Structure formats: structure tokens, C-alpha cells
Amino acid sequence: MATIIGGFAVSHTPTIAFAQDAKKFDDPVWAPIFEGFRPVKEWLAKEKPDVVFYVYNDHMTSFFTHYSHFALGVGAEYEPADEGGGQRDLPAIKGDPELAQHIANCLVADEFDLAYWQGMGLDHGAFSPMSVLFDHEAGWPVKIVPLQCGVLQQPIPKAKRFWDFGKSLRRAIQSYPKDIKVVIAGTGGLSHQVHGEGCGFNNPEWDAQFMELLTNDPEALLDKTVVDLAKLGGWEGAEVVMWLLMRGALSPKVNKLHQSYFLPSMTAIATMLFEDQGDATPPAESDEALRERSVRELKGAEELAGTYPFTIDRAVKAFRINHFLHNLIEPEFRARFTQDQEALFAASDLSDEEKELIRSRNWIGMIHYGVIFFMLEKMAAVLGIGNIDVYAAFKGLSVPEFQKTRNAAITYSVAGKK
Ligand code: FE2
């Protein structure tokens, strides 16, 4: 079974990344950042977790046109996002799609309505602390399952919802059947405001009180509204709810191994490190019962002949080809697709098998591979083929034969004006 060995809370300001990339390790102005992070880094190096479940918020970098509250990263790999100055010089970090799938099953069974994402970069909210906490020049020694919390566009969920999410997350990880060590990271905060005339707000007294409550009486924080937290810690400081999620995923009592606080400029840079103390009593629902409940909705799907549910597993395995076909919504891409498909293939990251599936218009082969039907509908529209042709091909019938199975012999596509 998977084990939660502990959790840490860290600020995720861009200053941390700047200090790391500019190698300000011995500069007295910047050194306190590294001093604060060092005990967490050393603990992680000693404990060697397999996975960091990383709770953060993106800063309108990868999440902008779609903004959701709890967005679980399910991808196989994550690159640093370009936030305006190019990507940071960091290797991509591996995800853990299998663990993400299990967590999604459990959290959705507990009625948390998650969003799933992959193929987008992690911004400073994730890589700023990660790059200081782990040696990574030769590749990251840990996998990441990121949870992007949409805390910037109001309304957002209540503080208690973040806490409850943490509680469900704890049971999800504990019931994961693989023997892996997981650490929970809660990031963001503490007190700060970066926008408007109110920018520059800090409240070190509240920050100290918050860290004390988070350790010993986190439930005292659950009734605070967004505005309560903003009055105490500045508007952007209200993102401490992500620390609360991390704390909710730990044991009721924790062993605090480290705490630091440093306020160089706009944002209090703080770290906290907690060792999990395990559960005093066994959970009310056994791991086995939770696993059973988590897959209840899809149980028996394999008995539906000719049916291929688009699961996280399939979405990750077939991401490249689905992503390629999704690009057909761009006029320039689809012009290249029809005019010189081989050149487009050569410039793509598709495997030979994936190229051949598209080249040969192997509609049912693509479904078997993991392509979702709605990409095929786009591809058909670009090629001037009707949906009916695709349905007929799925069933190994000619179009007239398939039309005979319908009430009307019509054909149509999603081709819009074309
Ligand atoms: Fe943030």
C-alpha cells in the first residue's frame, strides 16, 4: 500500500526561482531563502519519496481560457511553462498517471468534481520551490502529481472544501495498492498582495498565528471566508487554503520538523515540514471497500461489446495522437494536413503506428488505440467525409448498408462552412 510519509508547505514566489537560477546561494540578501528550504530538501533527500502530490495554483499561465477549481494533472510528463521570458532551463518531470487515475476515481466517488489535464506546462507555482527542493540536473529523483487549484478567479470553494479534499486525498493515497512513498506539498501564501493600491500588504503576526493553527488546530481555520483571509493576509495571501488542503491529507496530529519565515520583499517566504504520525484508529471504510466504491460507476463497462470508455488511462496513452488531431480546429494546421500530410507527420512527435493509423484512415483502429470519437469527427470533416462514413467503417459496412440501419438515409458532418 502507498504511504503518506509527511507533508511540507512552502511559498512559491518567482523570487525563489530567480535566486536559484542566479545562483544567489551565498548572497546575504538571498541566502535566507535557501537556509529556510534546506531542512526540507535534506529531509526529502533522506526519505526519498517516490511521488510528490503537489498542490499549487497556476498564475494565468497554462490555465486561463478554462478556469476550474480542482484540476488534477494526469500526464506522463510536465515541462516548465513559458511565463513570458522563455522556459526555465529545467528538465521535464515525470508524472504518475496510474496514481492520478486512482486518486481521480476516489475523489470523484467522494463527489469532488475534478478537471483533468495534461500537455501543459507547470509555472513558477510548481517549479519555483521544486527546483530548490530537489537536485535535478541529472533528472528529477521524484515523480509529481500536480493539483492545480483555481484560487485566482472568484468565486472559489470554501476553506473547508480544501480541507475536506485533503481528507479524501489521504484515503485515496492510502488505498493505492502499490508500495510507494508519497509526500504532500501545499504551496502559495503566506501574507501578500501583489495588485492594486493595496499591494505590498504583509502581516507577519497573522502568518505566525496561521502556522501555529495549521500545525495544532487546523480546523479553527475552516470557517474563514476568502475576505476574512484577505483582511488578515492580503488578497493573494488568501491562497493559504492550499496549505490547508495539504494539512487535511496528513494525520490529525503531526510532528513538525521544521519551520522558517523570511520576508525579503512582497511575499513572506516560509517553509513548514511535517512528519505524518499515521492513523490512531483504522479508517471507518477499509482500503478494499474504498477501492471497490471508487470504480463502482465503471464496473462492468468491459462487458459492453464494441465500447471503449475514454478513461484517464486511454487519454494519457493516446495523448499524442488525440492532440495532433485536435489541432485540426486550427485553419493553418488543417491546410497543411490536407496539402502535405507527410511533412506534417515528419514535424510531429507521432509514432510510426500513430502516423499509419491516420494515413490509412483506420477509423476503428484509432478507436481501439485510444483516439476519442470527437477527434475522428474533426478529421472526417477536414477530409470531406461524413460522420455516417465513419460509423459505417466502425461496423465494417458500406455507407448504404449502414444507412439501411437508420430511419433516414442522410449524411452530415461537423465541417461548418466547408
Ligand atoms: Fe500563487
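Check the entry above for the structure.
Peer 1: Explain the overall build of the chain to me, and be specific about the residues and the numbers.
Peer 2: Counting its regular elements, the chain contains 18 helices and 10 strands. The C-alpha atoms of the chain give 24 Å as radius of gyration, which agrees with the globular expectation for 418 residues (22 Å, within 12%). Seen through its principal axes, the chain has C-alpha atoms that stretch 75 × 50 × 40 Å. In the chain, which comprises 418 residues, the share counted as buried stands at 50%.

Peer 1: Any chance you could break down the pattern of salt bridges for me, citing the residues and the numbers?
Peer 2: Tallying each qualifying case throughout the model produces 17 salt bridges. The closest approach of N and O atoms between aspartate 276 and arginine 170, which form a salt bridge, is 2.8 Å. Taken together, the residues span a long stretch of sequence, with aspartate 276 in strand 10 (residues 269–276) and arginine 170 in helix 5 (residues 159–174) at a distance of 106 residues. Arginine 170 sits in the buried class, given a relative accessible area of 6%. Taken together, the shared-partner salt bridges in this structure form one network comprising Asp110, Glu285 and Arg293.

Peer 1: Describe in detail the layout of surface pockets, supporting the description with residues and values.
Peer 2: A water-sized probe rolled over the atoms picks out the places where empty space is left. For the largest pocket, the calculated volume is near 810 Å³. Lining the largest pocket are 27 residues, and of these Tyr116, Phe310, Thr311, Ile312 and Ala315 sit closest to its centre. Breaking the lining of the largest pocket down by element, the ones donating at least two residues are helix 3 (97–109), strand 6 (115–117), helix 9 (287–294), helix 10 (312–317) and helix 11 (319–326). Looking at which element gives the most residues to the lining of the largest pocket, the answer is helix 3, with five residues. Along the walls of the second largest pocket sit 24 residues, with His59, His192, Val194, Glu236 and Glu239 positioned nearest its centre.

How each quantity is defined
Residues numbered from 1 in each chain as written. Predicted model: local features only at pLDDT ≥ 70, side-chain atom pairs only at ≥ 80, totals over all residues. Heavy atoms only, no water. Helix = DSSP H or I, 4+ residues; strand = E, 2+ residues; numbered from the N terminus. Rg over C-alpha atoms; globule rule 2.2 N^0.38 Å. Buried < 20%, exposed > 50% of the residue type's maximum accessible area, 1.4 Å probe, protein only. Salt bridge = Lys/Arg side-chain N within 4 Å of Asp/Glu carboxyl O. 1 Å grid on protein atoms, 1.4 Å probe; cavity = no way out; pocket = protein on both sides within 12 Å on 5 of 7 lines; lining within 4 Å. Points joined across faces, edges and corners; volume = space filled by probe spheres on them.

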